[in-house]
Every structure is written in C-alpha cells, then in structure tokens.
Amino acid sequence: MTITTTTNPEEHFLKISHIDMAFPTPSGSFTALKDVDIQIKKGEFISLIGHSGCGKSTVLNIVAGIYQATNGGVLLKNKEVNEPGPERAVVFQNHSLLPWLTSYQNVELAVDQVFSKTMSKAEKKEWIEHNLKLVHMDHAMHKRPDEISGGMKQRVGIARALAMQPEVLLMDEPFGALDALTRAHMQDSLMEIQKELNNTVIMITHDVDEAVLLSDRIVMMTNGPEATIGEILDVNLPHPRNRLALAEDPEYNRLRSAVLKFLYEKQRKVEVIPTTKTNKEDEQKATSVA
Amino acid sequence: MSLTTATINRLTVNEKMIKILKDVFSKVTNTLILPIIGIAIFVALWSITAKSIHTSLGEFPGPNVVVKQFSVLYDEHIAERQKAVAFYVRQDIRNAKKLEKNPDYVVKIRAYTGKETFVDQIFTSLITVTSGFLVAAFIAIPLGIWMGLSAKLNSALNPIVQIFKPVSPLAWLPLVTMIVSALYVSDDPLVSKSFITSLITVSLCSLWPMVINTSIGVSSINSDLLNVSKVLRLPTLTHIRKIVLPASIPMIFTGMRLSFSVAWMVLIAAEMLAQNPGLGKFVWDEFQNGSSDSLARIMAAVLVIGFIGFLLDRIMLMLQQKVSWDKSSASV
Ligand SMILES: Nc1ncnc2c1ncn2[C@@H]1O[C@H](COP(=O)(O)OP(=O)(O)OP(=O)(O)O)[C@@H](O)[C@H]1O
Ligand SMILES: [Mg+2]
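Residues numbered from 1 in each chain as written. Chains lettered and ligands numbered in written order. Predicted model: local features only at pLDDT ≥ 70, side-chain atom pairs only at ≥ 80, totals over all residues. Heavy atoms only, no water.

Participant: Break down the nonpolar core for me, citing the residues and quoting the values.
Facilitator: One finds Leu14, Ile16, Ile202 and Ile218 of chain A together with Trp264 and Leu279 of chain B to be the most contacted residues of the largest nonpolar core, which totals 149 residues. A total of 13 residues in this core trace back to one element, the largest contributor, which is helix H8 (residues 236–274) of chain B. For Leu279 of chain B, the contacting residues outside a window of four places in its chain are Phe118, Gln121, Ile122, Ser125, Trp264, Ile268, Glu271, Val304, Ile305 and Ile308 of chain B. (Core = buried A, V, L, I, M, F, W, Y, C linked by side-chain atoms within 4.5 Å. Buried < 20%, exposed > 50% of the residue type's maximum accessible area, 1.4 Å probe, protein only. Helix = DSSP H or I, 4+ residues; strand = E, 2+ residues; numbered from the N terminus. Contact = heavy atoms within 4.5 Å.)

Participant: Account for the interface of chain A and chain B, with residues named and values stated.
Facilitator: At the interface, 23 residues of chain A touch 15 residues of chain B. Here chain A meets chain B over a buried area of about 1800 Å², counting both sides, of which 69% is carbon and sulfur. It is Trp100, Leu109 and Gln113 of chain A in chain A that bury the most area against chain B; as a group they hold 35% of the surface buried on that side. The tally of links from chain A across to chain B stands at 2 salt bridges. For the side of chain A that touches chain B, the elements supplying multiple residues, two or more each, are strand S6 (88–91) and helix H3 (103–114) of chain A. Per element, the largest residue contribution to the side of chain A that touches chain B is 4 residues, and it comes from H3 of chain A. (Buried area = accessible area lost by both parts, 1.4 Å probe. Salt bridge = Lys/Arg side-chain N within 4 Å of Asp/Glu carboxyl O.)

Participant: Requested: an account of helix H4 (residues 121–134) of chain A, with residues and values cited.
Facilitator: Residues and elements named next belong to chain A. Between the first and last C-alpha of H4 there are 20 Å, a value that for 14 residues agrees with the 20 Å anticipated at 1.5 Å per step. Residues of H4 that are buried include every one of Lys124, Trp127, Ile128, Asn131, Leu132 and Leu134, and no others. Down the axis of H4, the smallest arc covering the buried residues is 155 degrees, so these residues share one side. For H4, the exposed residues lying more than 90 degrees away from the buried face are Ala122, Glu126 and Lys133. Turning to H4, the residues buried within the fold contact H3, helix H5 (150–163) and helix H6 (180–197). Once H4 ends, the next one or two residues include His136, with phi positive near 55 degrees. (Expected span 1.5 Å × (residues − 1). Arc of directions from axis to C-beta.)

Participant: Quick one: what's the story with the side chain of Glu286 of chain B, residue by residue and with numbers?
Facilitator: All names here are of chain B. Summarising the element assignment, Glu286 is placed in helix H9 (residues 279–289). Judged by relative accessible area, which is 7%, Glu286 ranks as buried. If near-sequence neighbours (up to four positions away) are discounted, Glu286 is found in contact with Ser294, Arg297 and Ile298.

Participant: Give a detailed account of the sheet that holds strand S1 (residues 14–25) of chain A, specifying residues and quantitative values.
Facilitator: Residue and element names in this part refer to chain A. A sheet is described by the order of its strands in space; here 4 strands give the open sequence S2-S1-S4-S5, paired in antiparallel fashion. Either end of the sheet is taken by a strand with one partner, and the two such strands are strand S2 (28–40) and strand S5 (79–80). Pairing analysis gives 2 bridges linking strand S4 (residues 71–76) to S5, with the strands arranged antiparallel. By the bridge assignment for S5, Leu76 is matched with Lys79. Across the sheet, helix H2 (residues 56–64) is in contact with S1, S2 and S4; its angle to S1 comes to roughly 115 degrees. (Pairing = 2+ DSSP bridges. Axes fitted to C-alpha atoms, helices over the stretch in contact; angles between N-to-C directions.)

Participant: Outline the side chain of Asp172 of chain A, listing residues and values.
Facilitator: Residue and element names in this part refer to chain A. Residue position: Asp172 is located in strand S7 (residues 168–172). Despite its burial, Asp172 remains without a salt bridge, the nearest opposite charge being carried by Lys56 at 7.3 Å. Apart from residues lying up to four places away in sequence, Asp172 is in contact with Ser57, Leu60, Val91, Phe92, Gln93 and Ile204. (Lys, Arg positive; Asp, Glu negative; His and termini not counted.)

Participant: Pulling in residues and values, what's your account of the packing of H3 of chain A against H4 of chain A?
Facilitator: All names here are of chain A. Interhelical geometry of H3 versus H4 gives an angle of 125 degrees and a closest axis separation of 10 Å. Classified by the interaxial angle, the pair formed by H3 and H4 is oblique. Like other packed secondary-structure pairs, H3 and H4 cross with a definite hand, here right-handed. For the pair formed by H3 and H4, the contact residues are Ser103, Tyr104, Val107, Glu108, Val111 and Asp112 on the first element and Lys124, Lys125, Trp127, Ile128, Glu129 and Leu132 on the second. Among the residues forming the contact of H3 with H4, the class breakdown is 6 nonpolar, 1 polar and 5 charged. (Parallel < 35°, antiparallel > 145°, perpendicular 65-115°, else oblique. Left-handed = near helix turned anticlockwise from the far one by under 90°. Nonpolar A, V, L, I, M, F, W, Y, C, P; charged D, E, K, R; others polar.)

Participant: So what's going on with the site of ligand 1? Which residues, and what values?
Facilitator: Residues and elements named next belong to chain A. If you check the shell around ligand 1, you find 14 residues, and the closest are Ser52, Gly53, Lys56, Ser57 and Thr58. Note that an oxygen atom of ligand 1 is positioned 2.5 Å from one of the side-chain N or O atoms of Thr58. Notes on ligand 1: free accessible area 630 Å², of which the protein chains cover 71%. Elements that contribute at least two residues to the shell around ligand 1 include exactly S2 and H2. Across the shell around ligand 1, the residue classes tally to 5 nonpolar, 7 polar and 2 charged. (Near = heavy atom within 4 Å. Polar contact = N/O pair within 3.5 Å; in protein donor to acceptor, adjacent residues only side chain to side chain. Areas by Shrake-Rupley, 256 points an atom, 1.4 Å probe, with all protein chains shown as cover.)

Written out as structure tokens, the structure reads:
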C-alpha cells in the first residue's frame, strides 16, 4: 500500500514534513512551530489561516527556503528544499517591488534571471508583457511603483511571481493591505489566472471569505508558541466560483462558519479578538511584546 | 439666473488669480527677497563692526574694501599672465637668435616660474580637492558596500573606522609629509610632492563619512528586497548591481556630500600648514606678509572658499538628483 503513496508524484508534489521551528531569542529559544505536516497535490490551492503571530509566515518562509526548519524539512518533487529559488516564487506581503524599476523592469529582472539561457530577447519581452497583461497591468507597465496604486503594485508583484513559471506559488497575505473593493477585484483576477494556469499555491490570509472562495483546502493553524495544524478543511465547491452566488450557498456558509468556529471558539485568543484591521495591528504589537 | 452664475464664475476666476499671485509672491519672497534681506543685514553689520576693530595691520576691512581687493587680485592675475606670455616670447626670440648663430644648438625651453596668483591658487585647490575626493571615493564606496554586505567584516573594521574618523587633518599631515618624502622619490616627478601630500591628507579625512554612510545604507536595505534577490538566486555581482547599489544610492550620496565638504575644509588647513600650493597657502602667505591689504585679501579668500564649498555641494546635489531614483532623498 505504501508503494502507491510514495510513487504517485501527483499526491506528494510538495511535502511539508513534520517541521519544527525554533528561533533563538535573547531570552532563550522560542519554538514557533511544532510538527507542522502538510501534503500538497500538484495544482492544489491551499490557504493558511490562523491568528496573527501564530507562525503562518514562518511556514511560508520555510517552504520558500528563506528560513531553515530546525527539525523536519520540505520536499518538492522528492527533492529537499534548503535554499530559496525561483521554482518557489513568493508574493510578499508588502509587494516588495524594487522602487527604482518600472513594473516592466521589475518583471524583467525575474525573467532575465530565470530564462537567461532559454529565451531570446524578443521572447522575453513577449513573456513579460504577457504576464503583465494577465494581471491587467499592461496599461501601466512603464510606471514606477510610486506612481501606481497599492492594488496595482500587488498585481505587479503577482505578475513577477507568475513570470518565473514557478512550480509552487507562495503568497503571504497578498491582499492584506488592500481595501475591500480592490481586494474582491484581485480575488476575481486570481481565480481567473488560476483557471488558466492551474498553479500549485499556498496563500496566507486573515480573511475567512477569501480562504473559502479561493481554496481547495484550508489549513487552520493553532495559536503559538508551538503552533501546529489544528484542522484541515476540504472545500469542494465547484469552479468557477462566484462570490454573489456563493453568499446564498449552504455549503459555502457551512465552511465559512467552520473556519470561524475554529478561529473564534477553539483557538480563541486571550488577548483582544481581532475583528477589524486596526485591532489586528494592535494585537500584533501585543503579541510581539509578550 | 444666468447673471448670478456669471458673477459666481467671475468671482472664482478672480479668486484663482489672487491665489496664483499669492503663490508666485510667496515663492519670490522665499527664494529671492528673504535671502537678499539676510545678506544685506549681514553686510551692514559687517561694515559697522569692521570700523570698530583695529588691528596691528590697520582697520578690519569692510565690504567695500574687500570688493576692491577682488578686482586688484584679478588685475594681478591678468598682469602675471601677460608677464608669462612676454617671458615665452622673449625666450622664443632668444632661441631663434641662438639657432641662427649656431644651427646645432639644442633648443631649451624653460617654464615660466612666476608667482602663483589668487586665481591659480583657486584652480590648484580645486584640482587637489577633486583628486583627493575621488581617490577616497574609489576606496570608500567599494569598502563600504563590502562592509554593509558582510556583518563579520563590519564588526572587524568598525573600531578602526570609528577611531580614525575623528582624527584631524593636522595630525595626519606630518606623518603623510614624511612618508611621501620617503617613498615618492623620482628625478622627474609627474606631480609635485606637495600635491601628493595634500591629496593623501584630504583622502584620509574624507574617507570615513563615505565608508560609514555606504555601509549603513547597504546593511539597512529592506530585507524583503533582499529576499526577492534570494528567491531569484541573483549572482553576487548582479545582486550588487541591481539591488544593493540602487537601494543604497541615497545613503552613498549623503556620505559623498559630507565627505566633499570635509575634503574642502581639510584641504585649506593642509595647504596652510604644509605650504602646499592652493588657497590655504594664499591665506598663510598674506598673513605672513602683513601688508595693509593683507586682511582684505584674506577676507576675499574666505568668501571665495565659502562660495566654492557651496558650489561643490550644489554640484554633488545635482549629480545625486540625476542618478538617484529617490528624488525626495536628494534635497538640501
Ligand atoms: N526571525 C525571528 N526571530 C524570532 N522570532 C520570530 C522570528 N520570526 C518570527 N518569530 C516569531 O514567530 C512567531 C510566528 O511569527 P510569524 O511571522 O510566522 O507569524 P504570522 O502568523 O505570519 O503572523 P501575522 O499574521 O501577523 O503575519 C511569532 O511569535 C514571532 O514573534
Ligand atoms: Mg505573517
């Protein structure tokens, strides 16, 4: 029986295998993660949800190779991940565009690096423009980050990640800093892109609706320290998903309340429960002090 | 109805006009009128206090005396130039005559060795400060980048930087002079020893602000940008060229501007003390002369030194605005 599970690459495309993460701090070692274990299929869209400070970014950074797990490890196509690389593209929480480059040049930096040998100049140009078009940013590709809005910057960040043709796309609260309308628009764009490219995605979010709307599975994390996976929720809603239609859908509402229950009953924080954006930030401070 | 809208429109047009006039007015006041008033008050105070200061070389020069001295200095420069031309003409005639008498005569051309004028000294100083600054920049910026990239190197070199940073040029000068005399021996030197001494002293003192600012700029690059570079696996040189340099350009320029003003101050002191040609030597010579014009000539030199320092900073600022992507960092 074990033979089938280990040889099927679809099933075990990305394996986050029993990772622990301890940070050295002035007051001794701080165990942020304990035995986090997820198997991800190719083409699967996973959301990581959990209270602020529980260790979501840490998980993502370990998969990206930016952090090294103290125990356990990450396997991508049965190869151990131990450094960052373009096959695991990251969309950072605050877009992280290089402010001195235009949108086009930001994507170009990635394309030049990843396809330096395999693409001609003309092909690269076409590929850069194609990816910017995918996120509807082709009209402002020669503008610099300080000349475009927050949502547009985030879209360029996504275009840059997509342009690397990654095997796994890692997104750390990609829409966290956006207003509700822009956020909805970006989620629709992402679903559209996902339909076309069928990427393997791990996305961190604080937003329950976003998690249910976009994911195939929702991974819910317990509070830290020694955070681990609390529950995993399968989302079997048919694609394409429409936010208006779903609002009435009983299955959608069941899933939604399951996540809410996990977050606000089972993993209820001792501190102020984050209900709004500002509270969330306050609470982040409180946890980092504590 | 139409009448009221018309009046409203006219009102707003008038208001707009008034607003534009106000803007223009405040701009003119800030950039022109206020500075002129400031300078006028300064000149007035100067001429009043100058009259009541009596030195062994006579009354302290007021603004009008100094202005006169400027034209004297310029006339002296022109006169010296004419003398030089005359010297070469005489030499040519002499050589031609000698050749006429003896066709085998090997022509000797001697350079004119007249006294350096004020204008010559200005140029000497400018060349020295620029060379010293460039030498310092060529060492400091790569070193600063390296220190910013490597925390280990930074910890290793930081104490040295911190100790040498506050050292005055006057302390370096004797050492540099002795070392240059010992090491720079050549029968036909390309540049004079005194030039090398000033240059090294200037470099030694202007090195540190650039090293410190560059390394701080590099080590404080946003970690997200560094992560972008890691995810892309940029090779070290590309990483420096595409991420590190542009990200730290504002800090590098801050260091360069600081260094250039340090370099200019140091140069004047070095020239004065070491008798290296330049504006500093001009000031010292005048002080030693002790003629009745000396104070006015020194005061003229002071104004020129200040003005050149200001111009140099402006040039650096313009350069920064050209090179830097972050226009807001390139302000006064
Ligand atoms: N480099 C580090 N050194 C020490 N402790 C760290 C480090 N990075 C994270 N931590 C700690 O690990 C825990 C998890 O942090 P992490 O950033 O992964 O949380 P998060 O779930 O992403 O939070 P948020 O939703 O607010 O982004 C926190 O308690 C944090 O203080
Ligand atoms: Mg986070």
